[in-house]
Amino acid sequence: MKIILASNNADKLREIREILSPMGIEVISQSEAGCRFEAEENGTTFTENARIKARAAMEATGRPCVADDSGLEVNAMGGGPGIYSSRFCGDRTYRETCGEILDLVDGSADRGARFKCAVVCCFPNGDEIDCEGVVEGIIGYGYEGEHGFGYDPIFVPEGHTRSMACLTDGEKNAISHRGRAFRRFAEELRKYMEKEDVKE
Ligand code: IMP
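Here we summarise the structure given alongside this text.

Remarks on the packing of aromatic side chains
Per the counting criterion, the structure on display carries four aromatic pairs. With a centroid separation of 5.0 Å and 85° between ring planes, the pair formed by Y94 and Y151 is classed as edge-to-face. Linking Y94 in helix α4 (residues 94-106) with Y151 in the loop between β5 (128-139) and β6 (155-157), this pair joins segments that are 57 residues apart in sequence. With relative accessibility at 4%, the residue Y151 sits in the buried group. In this structure, R92 packs its charged tip against the face of F88, placed 5.2 Å from the ring centre. Here the guanidinium or amino end of R111 rests over the ring plane of Y141, the centre of that ring lying 3.9 Å away.

Below, the structure written as structure tokens:
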């Protein structure tokens, strides 16, 4: 089974390929599928934004397309940056942006945070599969680790003592928001294919 991923983010593509390949699902990026646009993410939830990206890619390619939208919610920032996680960083480096979050959280009694990921797959016949994954944790006391990407160096997952960036890709995928959402998606996709008798 081949599926087109509506994303231009190389880090996400690498993680999603590692999650889905043991399940026999080959992931092709939208640029490999000849689709070079970027849909405007003007939704108000992770699921709405994932749907916007997946639907735009499905309409451009005429094939089933999957997209994810994800981000970090920090209690001390009222749940932000949330759907604005990428835009909150903007043109700064992630190290600078993580520094700002560490400062904000140091001034608060609540270090709670979570990564969330919504996955939406749109089919040309109008069908849709929606899944979500969450990993709870806290904002750590410093910037540490060299794996992963984005906000991983300041996020310490529940049950761990070091940041997500101290985990290998395989260890991260086993507990991450994206790993959880895409494993649910793989299961839903398998059921859908059995029901529809879809061959590709
Ligand atoms: P998206 O491409 O619009 O879904 O933006 C996701 C943004 O959320 C990324 O650019 C990162 O800033 C942040 N993010 C999402 N998932 C992760 C993760 O697994 N680790 C670190 N940061 C993440």
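Overview of the site of the ligand
The full set close to the ligand counts 17 residues, and K12, Y94, D152, K172 and R178 are the nearest of them. Contact distances for the ligand include 3.2 Å between an oxygen atom and a side-chain N or O atom of E41. Contact distances for the ligand include 2.8 Å between an oxygen atom and a side-chain N or O atom of K172. When the ligand is considered free in solution it has 490 Å² of accessible area, and contact with the protein chains removes 93% of it. Here the ligand occupies the largest pocket.

Focus: the environment of E18
Note that E18 resides in helix α1 (residues 10-20). Filtering out sequence-adjacent residues up to four positions away, E18 remains in contact with D169, G170 and N173. Reaching out from E18, the side chain makes a polar contact with the backbone nitrogen of G170 at a distance of 3.5 Å.

With respect to the environment of C122
In this fold, C122 is placed in strand β4 (residues 112-122). Accessibility expressed as a relative area gives 3% for C122, which makes it buried. Expressed as a C-alpha distance, the spacing of C122 and I52, which sit 70 residues apart in the sequence, is 9.7 Å. For C122, the residues in contact, after removing those within four places along its chain, are R51, A54, R55, M58, R63, P64, C65, D127 and E128.

Conventions used here
Residues numbered from 1 in each chain as written. Predicted model: local features only at pLDDT ≥ 70, side-chain atom pairs only at ≥ 80, totals over all residues. Heavy atoms only, no water. Phe/Tyr/Trp six-rings, centres within 6.5 Å; stacked < 30°, edge-to-face > 60°. Helix = DSSP H or I, 4+ residues; strand = E, 2+ residues; numbered from the N terminus. Buried < 20%, exposed > 50% of the residue type's maximum accessible area, 1.4 Å probe, protein only. Lys NZ or Arg CZ within 6 Å of the ring centre and 35° of its normal. Near = heavy atom within 4 Å. Polar contact = N/O pair within 3.5 Å; in protein donor to acceptor, adjacent residues only side chain to side chain. Areas by Shrake-Rupley, 256 points an atom, 1.4 Å probe, with all protein chains shown as cover. 1 Å grid on protein atoms, 1.4 Å probe; cavity = no way out; pocket = protein on both sides within 12 Å on 5 of 7 lines; lining within 4 Å. Sits in = over half its atoms within 2 Å of the grid points. Contact = heavy atoms within 4.5 Å.

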